[in-house]
Amino acid sequence: METNNSLAIYGGDPVRNQYLPYGRQYLDDDDIQAVVNVLRGDYLTTGPAVESFEKGIADYVGAKYAVAFANGTAALHGACFAGGIGQGDEVITSPFTFAASANCVLYQGGKPVFADVHPETYNINPYFIEELITEKTKAIIPVDFAGLPSDLDAINSIAQKYNLIVIEDAAHALGSKYKGQSVGSISDMTMFSFHPVKLITTGEGGVITTNNEEYYQKLRQFRTHGITKELCLLNNCHGPWYYEMQSLGYNYRITDVQAALGSSQIKKLETFIQRRRDLAKAYTQAFADMNEIFYPREWPRAFSAWHLYVIRLKLERLAANRKEIFLALQKENIGVNVHYLPVYLHPYYQQLGYPKGLCPNAENIYEQVITLPLFPSMLNHDLYDVVQAVRKVIAYYRKKGDKECVTES
Ligand SMILES: *Cc1c(COP(=O)(O)O)cnc(C)c1O
């Protein structure tokens with residue numbers, strides 16, 4: 001049979017027949033067994049599996065405490081509560097992230113303030129943070145985009161200078177390291193997410209790690225309605241049944257079913273990260289000679305867990321925009337994605353009055369990026385298909401007169 005080599009979007013044969021997603025969970029029989037064991041046991045929620053998962057996460061990242069939540073967004077909300085973010089407080093965060101990194105500030109009545117990102121790391125630029133500090137600033141929420149740790153030394157020194165707390169959104173960065181130290185043990189509080197596309201999964205789930213006992217206690221109360229049983233043991237309470245609500249919390253608990261899955265997943269995390277790193281390296285080698293894309297780098301002090309592999313198109317070298325290239329790749333059956341529309345460009349934030357053009361780097365990057373598939377169970381031939389598809393599509397849209405390959409000097 002003759003193959004038609006034109007782009008699938010113009011009726012040619014796609015590079016592959018089966019759609020390759022951009023990310024997905026990896027579960028094995030041990031994970032399934034761990035869940036079944038809980039289902040056959042006594043506790044479906046607030047049982048021992050939750051504490052044991054929390055201990056597993058705390059030990060893995062080298063933090064004193066971990067408090068697990070129903071999802072990462074709830075965990076961020078808890079961190080804003082524990083950090084004392086309230087009405088009118090300003091919190092500086094990155095625009096180049098999922099909405100939850102800023103929404104958690106709104107939940108507490110605070111105001112997210114967006115500091116633009118670095119044009120090469122896509123992480124918040126500490127220089128811009130300092131410019132935005134006012135008397136109302138209470139906290140910084142840096143986001144470790146794609147798994148690459150933010151510039152934590154610079155961020156922490158700004159935090160110390162102005163007495164701010166740092167809540168690190170490390171939804172992408174479980175297993176990442178900054179100057180050799182695990183993400184999760186560095187900032188005042190760090191959030192990880194366990195959504196199925198993230199580094200490990202519990203279906204839905206999230207956690208805050210911290211070394212601070214006061215935050216730890218507040219997080220635990222917030223997760224369960226602001227209720228405690230502990231103080232009444234010291235006070236003259238009504239009786240052994242007694243509990244009391246001391247603050248306005250939520251029901252943000254994770255179940256034992258989820259926690260058991262999480263504990264089983266932690267055992268595979270090192271293997272997952274190694275596979276992600278190998279795949280990322282293979283992508284980078286495959287794209288090194290392509291003049292039309294800027295591929296993501298790992299920076300000297302930062303070890304990345306590689307949650308995402310995001311390429312950036314050099315549009316001035318291409319006769320198409322990002323949308324056309326994105327659609328062409330999808331038709332080749334490559335599950336590309338885009339991370340992220342700058343948070344303040346969402347209609348809800350626009351209504352709140354954030355102007356367009358607020359963070360030019362983030363807006364520029366948004367116009368140019370495409371996320372390629374990357375997940376631990378991706379096979380070498382899957383990666384090969386993605387590379388073939390990117391080369392095919394880029395070759396088609398390459399501006400006439402530009403050389404196919406230019407070796408970087
Ligand atoms: C996934 C994610 C979250 C939220 O986590 P959920 O568990 O989905 O609630 C927050 N921030 C970033 C950057 C994320 O990618």
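For clarity, every value in this text was computed on a predicted model and none was experimentally measured.

Asker: Which parts of the structure should I look at to understand a nonpolar patch on the surface?
Answerer: On the surface, Ile9, Tyr10, Leu327 and Tyr396 cluster together to form a nonpolar patch covering roughly 380 Å² of accessible area. In this fold, leucine 327 is placed in helix α11 (residues 322-331). In this structure leucine 327 comes out as partly exposed when scored by relative accessible area, which is 37%.

Asker: Honestly, the packing of helix α3 (residues 72-82) against helix α4 (residues 100-107) in this entry has me stumped. Any pointers?
Answerer: Packed helices, taken two at a time, are described by the angle their axes make and the gap between the axes. Direction vectors running N to C along α3 and α4 enclose 45°, while the axes themselves pass 9 Å from each other. Taken together, α3 and α4 sit at an angle that is classed as oblique. For the pair α3 and α4, the sense of crossing is right-handed. Where α3 abuts α4, its residues Thr73, Leu76, His77 and Cys80 lie against Ala100, Ser101, Cys104, Val105 and Tyr107. The residue makeup of the contact of α3 with α4, split by class, is 6 nonpolar, 3 polar and no charged.

Asker: What is the right way to read the side chain of histidine 77 from this model?
Answerer: Of note, histidine 77 is situated in helix α3. Those residues in contact with histidine 77 that lie beyond four places of it in its chain are Cys104, Tyr107, Gln108, Phe222, Tyr250 and Tyr252.

Asker: What is the right way to look at the packing of aromatic side chains in this model?
Answerer: Geometry of an aromatic ring pair is reported as the spacing of the ring centres plus the angle between the planes. Enumeration according to the criterion identifies 24 aromatic pairs in this entry. Geometrically, the ring pair formed by phenylalanine 69 and tyrosine 252 is edge-to-face, given 6.5 Å between the ring centres and 65° between the ring planes. Of the two residues, phenylalanine 69 sits in strand β1 (residues 65-69) while tyrosine 252 sits in the loop between β11 (244-245) and α9 (256-266), which places them 183 residues apart along the sequence. Both residues of the pair, phenylalanine 69 and tyrosine 252, count as buried.

Asker: Just checking my understanding: could you explain the pattern of salt bridges for this structure?
Answerer: Close approach of charged atoms allows side chains of opposite charge to pair. The tally for this structure, following the rule as stated, stands at 16 salt bridges. Ionic pairing is found between aspartate 28 and lysine 268, a salt bridge with its closest N-O pair at 3.1 Å. Taken together, the residues span a long stretch of sequence, with aspartate 28 in the segment before α1 (29-39) and lysine 268 in the loop between α9 and α10 (269-287) at a distance of 240 residues. Through salt bridges with shared partners, one network takes in Asp151, Asp153, Lys179 and Arg301.

Asker: Can you help me understand the pairing of strand β9 (residues 206-210) in this one?
Answerer: The side chains of a regular strand alternate between both faces of the sheet. The element β9 is largely enclosed, with a buried count of 5 among its 5 residues. Taking every second residue as pointing to the same face, both faces of β9 are buried, with Gly206, Ile208 and Thr210 on one and Val207 and Thr209 on the other. Relative to β9, β1 runs antiparallel, the two being bridged by 5 bridges. From the neighbouring strand, phenylalanine 69 faces β9, where its bridge partner is glycine 206. Summarising the sheet, strand β8 (residues 189-193) and β9 pair through 5 bridges and their orientation is antiparallel. When the sheet's bridge partners are listed, threonine 190 is paired in β9 with threonine 209.

About the criteria used
Residues numbered from 1 in each chain as written. Predicted model: local features only at pLDDT ≥ 70, side-chain atom pairs only at ≥ 80, totals over all residues. Heavy atoms only, no water. Patch = residues over 30% accessible without salt bridge, like charges linked within 9 Å, V, L, I, M, F, W, Y side chains within 5 Å. Areas by Shrake-Rupley, 256 points an atom, 1.4 Å probe, with all protein chains shown as cover. Salt bridge = Lys/Arg side-chain N within 4 Å of Asp/Glu carboxyl O. Helix = DSSP H or I, 4+ residues; strand = E, 2+ residues; numbered from the N terminus. Buried < 20%, exposed > 50% of the residue type's maximum accessible area, 1.4 Å probe, protein only. Axes fitted to C-alpha atoms, helices over the stretch in contact; angles between N-to-C directions. Parallel < 35°, antiparallel > 145°, perpendicular 65-115°, else oblique. Left-handed = near helix turned anticlockwise from the far one by under 90°. Contact = heavy atoms within 4.5 Å. Nonpolar A, V, L, I, M, F, W, Y, C, P; charged D, E, K, R; others polar. Phe/Tyr/Trp six-rings, centres within 6.5 Å; stacked < 30°, edge-to-face > 60°. Pairing = 2+ DSSP bridges.

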